[in-house]
Protein chains: 4
Amino acid sequence: MRQAQCSSSAPWLLAIALLTPLMVRWGSGQSLDRTEIEIPNIPGHLTLKCDFHSHTVFSDGLVWPTIRVEEAWREGLDGFALTDHVEYHPHQEDLPFKPNQPYELALEKARQLNIVLLRGAEITRDMPPGHLNAIFLEDVNPLQDPDYRKAVQAAASQNAFVFWNHPDFPGPEGQFVWHPEIESLRSAGLLHGIEVANGQSYYPASHRWCLEKKLTMMGNSDIHNPIGMEYDFSRGEHRTLTLVFAEERTPLSIRKALMDRRTAVYWKNLLIGEEQYLRPIFESSVEILNPNVAIYEDGEALVQIRNRSDLLFELQPISNATGPLNYSGLALHPKKVSLLRVTAQSGARSGEKNVSLPFTAKNLLVEPDQGLKISLNLKVNIAQAKKN
Amino acid sequence: MRQAQCSSSAPWLLAIALLTPLMVRWGSGQSLDRTEIEIPNIPGHLTLKCDFHSHTVFSDGLVWPTIRVEEAWREGLDGFALTDHVEYHPHQEDLPFKPNQPYELALEKARQLNIVLLRGAEITRDMPPGHLNAIFLEDVNPLQDPDYRKAVQAAASQNAFVFWNHPDFPGPEGQFVWHPEIESLRSAGLLHGIEVANGQSYYPASHRWCLEKKLTMMGNSDIHNPIGMEYDFSRGEHRTLTLVFAEERTPLSIRKALMDRRTAVYWKNLLIGEEQYLRPIFESSVEILNPNVAIYEDGEALVQIRNRSDLLFELQPISNATGPLNYSGLALHPKKVSLLRVTAQSGARSGEKNVSLPFTAKNLLVEPDQGLKISLNLKVNIAQAKKN
Amino acid sequence: MRQAQCSSSAPWLLAIALLTPLMVRWGSGQSLDRTEIEIPNIPGHLTLKCDFHSHTVFSDGLVWPTIRVEEAWREGLDGFALTDHVEYHPHQEDLPFKPNQPYELALEKARQLNIVLLRGAEITRDMPPGHLNAIFLEDVNPLQDPDYRKAVQAAASQNAFVFWNHPDFPGPEGQFVWHPEIESLRSAGLLHGIEVANGQSYYPASHRWCLEKKLTMMGNSDIHNPIGMEYDFSRGEHRTLTLVFAEERTPLSIRKALMDRRTAVYWKNLLIGEEQYLRPIFESSVEILNPNVAIYEDGEALVQIRNRSDLLFELQPISNATGPLNYSGLALHPKKVSLLRVTAQSGARSGEKNVSLPFTAKNLLVEPDQGLKISLNLKVNIAQAKKN
Amino acid sequence: MRQAQCSSSAPWLLAIALLTPLMVRWGSGQSLDRTEIEIPNIPGHLTLKCDFHSHTVFSDGLVWPTIRVEEAWREGLDGFALTDHVEYHPHQEDLPFKPNQPYELALEKARQLNIVLLRGAEITRDMPPGHLNAIFLEDVNPLQDPDYRKAVQAAASQNAFVFWNHPDFPGPEGQFVWHPEIESLRSAGLLHGIEVANGQSYYPASHRWCLEKKLTMMGNSDIHNPIGMEYDFSRGEHRTLTLVFAEERTPLSIRKALMDRRTAVYWKNLLIGEEQYLRPIFESSVEILNPNVAIYEDGEALVQIRNRSDLLFELQPISNATGPLNYSGLALHPKKVSLLRVTAQSGARSGEKNVSLPFTAKNLLVEPDQGLKISLNLKVNIAQAKKN
């Protein structure tokens, strides 16, 4: 029977008193919250969520610098860089360009919200060399040099970290060419990273270059609009990010991690990086809740696997002819417990044994066309089939 | 510049290969996931999420018993009871009532999914005494006695835990009366708890009775339909639950906790229970990320407070004339970091001190009209105002 | 049996080809869409969705003027006004105030997206008179007069529509006082409307003043941030709006409607306005799908009611002792078909009759504490009870 | 300034009175609503949303028959068939099979909710012929014949419509074979349709067979669980459906439409059917809001396209070298206004002309690998480039 309801002497008023404050506040209160991005730390390092490419009204962006701090805080970022164009200022007539002003205007709010704010700039030339970001700057002014090499050297003299943005510029019809100008910067130690992902795009060519030439993988939003116009957070989307594996949550520590190539790129549902970073993230995220599996020869068992992170893991089985268990692929959705169904292969001998089920995590890319190989380890006890 | 896109030799196909498997599987895969309910354990006890009142086609419910197990697993429950009516069987013509069959049919799936399944029954009489649930039964058959007292005694002889359901029955116009029949059961030690919440309803009268008469507070769904017809999980709703503070995740341990009155009721956004349970839940859920607050006499500081749980906490400030800080109320939303703005009260002396900000957590009800009093503790350093 | 799946020669590739384009595009494509606000036109007038109070970086707002156009388009607005403060320019050091520039910069995009853009300004003084918006301006410059009366007269000389903003300024502790300065403006024909709602706040006092003094009811966002930081559109929220009942979708027609007091205010779930506007909106939104109801004396019938609009209608029954039917309240949710359960009152005579069920639409406010009275009309045929 | 808030004498209580009733009711009220599926009628015919394959506890389904009616109503269906297996009854021990009972039990609720309920049955044999559904039956009993041909003939003698279910049975490893047994039924006029989609699967082979052999295309859910366990309606998912183009919303009219092959299949984001049905659905769903496009030779224009339906339309441009406009693909999302950006091709002559932009609607499948060709028609006025 379900018709029962609150009917004390004044239940309606009680319900009002209890429930209303929440509702009234929800509208605005919610928007003040921060949603952490749950990606675990790895042994010896914090996993910092960073964006090293963003714009404000001081170049061709469309928001005031303080908004970038609020956005970063709400989205769960640890740090970000303001990198307005040094050369491109469509709002110049109303808003004269002051190279350091975006950073200066945003700094107080960043301190207040405990966000690591980096002073940066985008050196914006035709291809080659195209667009280069310099971050960890002390003063953007010296980068205003008509000779791009001198601009980069001015950044270098400030110990900046410099990376090549969206290498297919100017866009969808662009080509991925390792230009002599870029090689010259790299060989001179003036180029440290490349964007492997920028906004809605992932560049397999950049990914490969980073692996071959030992450059740092960068993933950034390059945001110009208010961020909510580009990403639908209500659907679980996130801005394109660089994960930085740093010792501390400080600019210095982030700079050292970037120089040491300790990064991964988080783009849509892909995590892109070296195995040494992706493997511990997977292993810290995933837990088998019932690793001791009892199964009849003709039966099935359900293995419960918890994914504590906000990452998706798309697991595809690797053919495994000798193992005693049949199983198929599965997706470990963020913050869920998923089920892996296993059955005994025909002819599997009864008894207890340690079984390792190999999978490829399709969306953890250690190379452009290669997912990380992982395994799920069970202790399996196969019993003779039940008699009916 | 944002026009950059993936334009390797066959970028489209690459994107397809990477993204499609997820999408194809999502439709069905998602529905197989379990979503844990994040409410922390308390010192010395697990916090088990349980529902002790549910129905199947064997009485007036509308789903097969195994569905109740799948629902419970998906929703993150630890345990639940099947409590079909002993006396009311509208499907009798097609489906003859077998008192133990719902439990027997559901047991294998409960084992497979590692859900604690309890054998129960609803003794269904006109008021008084109305409807009584007995759980932890070994055999429902002896409860089929026309004399309700004998039915309850049959339950008692099996060491059942017995509680009074929705005491305003038969519904919204009902009265909350402590009937002599109920008192008689209680004084005989045959009644152990009362539903403080059932489905969409919360009963302040039951809440008060439980406190006064030392009975166990129960909160249950009393679900008859498929659960997704009654609750909108996509909006963060949850079924009405009893939180059980148990030593282990076993029927025996749950029974002991119920007998010892170690429960709280989770109904909509309210958590209802004794302070000894609500306080550690609050304290384990909430963390102040920056408890060391530096603030100018004329300035403000933002305190970041993380709520790791799925619970909401509605904090209303308690007037605090002597404290050095001004602050207002706030809601700590589930799984968010929220901001508390504090300013120095005029006349606050500069220097460092420990400050405790008192609040009432409006939706953690220790009595029907009384929220739990909590405090947020800061180490505050007030500095003289900046000179411009 | 449900195991069947796509297993043509290359089913996987087929699924890819079919499904992927959508997914790839969704991320960015979605954010380019416009979501119309479904509120029906009323006889003789269009129902235009407008916001007459918004800010940009040129005063204390935080976005470039073009962003306001894009936001308005995406949210389904018909028109809006840019109303930067004439006197308050915290970004002045970087961005010198040019009174007409926000409008000039936004105009081309407004034309491109077919949004009615109005040139406005906020005359920003201490209370009294507080803040006054002037819209339909030709030139903002003359409003820069230290004497607020002269500023308002400068607006009047341009045929501006002038209204009083958030009359409780400066904030939550504010009082609602009908200041002599305001009365003086009104009696001189220089004040035409008052904000009845501003952002997250609704002012019953303003509502009453508009009714008593024959001023136009205004509801506006007063947005400073990117709009997505203040409203959660994924939860169905909308910015605070003025509904304008205009003959055409032009500035001239909007101005005439405002001068004629043809408006309603749409704030959260409330629609606030005169009966002459609220009634036709309700009646055009709602349709009874099965108005011919056959019912047994002891039975019930389900009346299906479709709400075609994006508005909620909260219907509370008005006591109706003489009617032949019992019924309770219900919510007509946006874009849904809802069920009204009716039963025959005991003693109702059998036969066919026209029945009008009276309700108060609680959230359609014709006065601060009075909802619109509506009725649902049925043709009821009561039959003698079935014999079993 | 945005600090203004409701501060009349008792604003808090006012807010309570206004907002609370909605909130309290929302939880349960919402679940009683029906969400219509917006797919337009076509000239001369209604577009009825139907599901001709579903199960209950009377065979291997897991819900009581009335639940299927409530689900269908809530999801916006016009009609559906209960088609429990004639031969497969895993709950037989508790619930003896009565062939007509699922229909009989559901009929009253179907009448009450105005859903067209069809009496059906699934003739369940090993492949070939596999599983066959018969609907529009008068009595299921005669179908209990060990000889499947006799069972089909018993259905035929009742004027049933018979179709072949999931032709790859028993599942993912299955083959699509046009068995002699199936051909024999077809040539005898005993087989009228094939499932082109069943639950999560779409069968291109079935699609092709229906086109070649002039059989009716069917798309059904084959639901066994509560429907909310299989589809996530909060994400906009819908059950697999057959759209029936019928003259009236009656069993007779639906039967005639099925016999005349007037159907399309709605599976995930695909609409599958003949051009004669898909084209008018597209054309009635889509409206160009600004078909008169003025554009400079070097400029761009934004065409606003409204999609009134719940369908997605994925438009891919067809190469169009001779046209005067450049444009790319776009998705017309359900219930949105989308933007098509067009630019003048270099060398386009100025002047006014009618322009037809050809696209393939990739997800409106007229053949397994062929989308419907549509065009968007504009009246374009190309003007000479603006001089700066």
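One can find the structure itself at the top, above this paragraph.
Everything quoted here is computed from the prediction, not taken from an experiment.

Glancing now at the overall build of chain A. Within chain A, the secondary structure is distributed over 8 helices and 20 strands. Put simply, chain A has 388 residues, and 63% of those count as buried. Partitioning the intrachain contacts of chain A with sequence separation of at least 6 by distance along the chain shows that 67% fall at a separation of at least 24. As presented, chain A carries roughly 14,500 Å² of accessible surface, and 48% of it is formed by carbon and sulfur atoms.

What follows concerns the pairing of strand β20 (residues 370-383) of chain B. Residues and elements named next belong to chain B. In terms of strand pairing, strand β13 (residues 292-296) meets β20 through 5 bridges, oriented parallel. Bridge assignment links N292 to a residue of β20, and that residue is K379. In this sheet, β20 lies alongside strand β19 (residues 351-367) in antiparallel orientation, the contact comprising 13 bridges. Paired with S356 across the bridge in β20 is N377.

Residues and elements named next belong to chain C. Packing of helix α2 (residues 65-74) against helix α3 (residues 101-113) brings their axes to within 7 Å, and their N-to-C directions diverge by 30°. Every pair of crossing elements has a handedness; the one defined by α2 and α3 is right-handed. Two secondary-structure elements touch here, α2 through P65, T66, V69, E70 and W73 and α3 through P102, L105, A106, K109, A110 and L113. Partitioning the contact of α2 with α3 into residue classes produces 8 nonpolar, 1 polar and 2 charged.

Attention now goes to the relation of the copies chain D and chain B. Rotating chain D by 180° and translating it 0.1 Å along the rotation axis places it on chain B, where the RMSD comes to 0.0 Å. Here the two chains are linked by the operation of a two-fold rotation axis. Measuring from the rotation axis to each C-alpha of chain D, the shortest distance belongs to V63 of chain D, at 2.2 Å.

Another aspect to go through is the packing of helix α4 (residues 148-156) of chain D against helix α5 (residues 180-187) of chain D. Residue and element names in this part refer to chain D. At a closest axis distance of 12 Å, the pairing of α4 and α5 adopts a crossing angle of 25°. Judged by the angle between their axes, α4 and α5 are roughly parallel. Like other packed secondary-structure pairs, α4 and α5 cross with a definite hand, here right-handed. Contacts between α4 and α5 pair Y148, R149 and V152 from the former with E181, S184 and L185 from the latter. Looking at the contact of α4 with α5 residue by residue, the classes come out as 3 nonpolar, 1 polar and 2 charged.

The subject of this paragraph is the interface of chain D and chain B. With 32 residues of chain D in contact, the opposing surface of chain B contributes 32 residues. Here chain D packs against chain B, burying approximately 2,700 Å² in sum over the two surfaces, 53% of which is carbon and sulfur. The largest share of the area that chain D buries against chain B comes from W64, D94 and M229 of chain D, three residues that together contribute 27% of it. Linking chain D with chain B are 2 salt bridges, by the criterion used here. For K98 of chain D, the salt bridge identified is with D94 of chain B, shortest N-O distance 2.7 Å. Across the chain D-chain B interface, the total number found is 10 residue pairs in polar contact (both at pLDDT 80 or more). Contributions of two or more residues to the side of chain D that touches chain B are made by α1 (11-29), α2 (65-75) and α3 (101-113) of chain D. In terms of residue class, the side of chain D that touches chain B is built from 12 nonpolar, 10 polar and 10 charged.

On to the environment of D260 of chain A, then. Residue and element names in this part refer to chain A. Locating D260 in the fold gives a position in the loop between α7 (251-259) and β10 (263-267). Considering only alpha carbons, one finds D260 and T216, 44 residues apart in sequence, at a separation of 7.8 Å. A polar side-chain atom of D260 sits 2.8 Å from a polar atom in the side chain of R262.

Take helix α7 (residues 251-259) of chain C next. Three or more residues of α7 of chain C are buried, namely S253, I254, R255, A257 and L258 of chain C. Looking one or two residues beyond α7 of chain C, the residue adopting positive phi is R261 of chain C, at roughly 65°.

Okay, the environment of Q92 of chain C next. Residues and elements named next belong to chain C. Tracing the sequence through the fold places Q92 in the loop between β2 (79-82) and α3. Judged by its relative accessible area of 38%, Q92 falls in the partly exposed class. Sequence-wise, Q92 and V57 are 35 residues apart; in three dimensions their C-alpha atoms are separated by 9.5 Å.

This part covers the sheet that holds strand β12 (residues 286-288) of chain C. As summarised here, the arrangement of the 4 strands in space is β12-β14-β18-β16 (chain C), forming an open sheet in which the pairing is antiparallel. This sheet does not close on itself; its edge strands, each paired only once, are β12 and β16 (325-326) of chain C. Examined bridge by bridge, β12 of chain C and strand β14 (residues 300-307) of chain C share 3 bridges and lie antiparallel to one another. For V286 of chain C, the partnering residue across the bridge sits in β14 of chain C and is N307 of chain C. Along the sheet, α3 of chain D makes contact with β14 and β18 (337-344) of chain C, crossing β14 of chain C at roughly 45°.

Basis of the calculations
- Residues numbered from 1 in each chain as written.
- Chains lettered and ligands numbered in written order.
- Predicted model: local features only at pLDDT ≥ 70, side-chain atom pairs only at ≥ 80, totals over all residues.
- Heavy atoms only, no water.
- Helix = DSSP H or I, 4+ residues; strand = E, 2+ residues; numbered from the N terminus.
- Buried < 20%, exposed > 50% of the residue type's maximum accessible area, 1.4 Å probe, protein only.
- Contact = heavy atoms within 4.5 Å.
- Areas by Shrake-Rupley, 256 points an atom, 1.4 Å probe, with all protein chains shown as cover.
- Pairing = 2+ DSSP bridges.
- Axes fitted to C-alpha atoms, helices over the stretch in contact; angles between N-to-C directions.
- Left-handed = near helix turned anticlockwise from the far one by under 90°.
- Nonpolar A, V, L, I, M, F, W, Y, C, P; charged D, E, K, R; others polar.
- Least-squares fit on C-alpha atoms with pLDDT ≥ 70 in both.
- Parallel < 35°, antiparallel > 145°, perpendicular 65-115°, else oblique.
- Buried area = accessible area lost by both parts, 1.4 Å probe.
- Salt bridge = Lys/Arg side-chain N within 4 Å of Asp/Glu carboxyl O.
- Polar contact = N/O pair within 3.5 Å; in protein donor to acceptor, adjacent residues only side chain to side chain.

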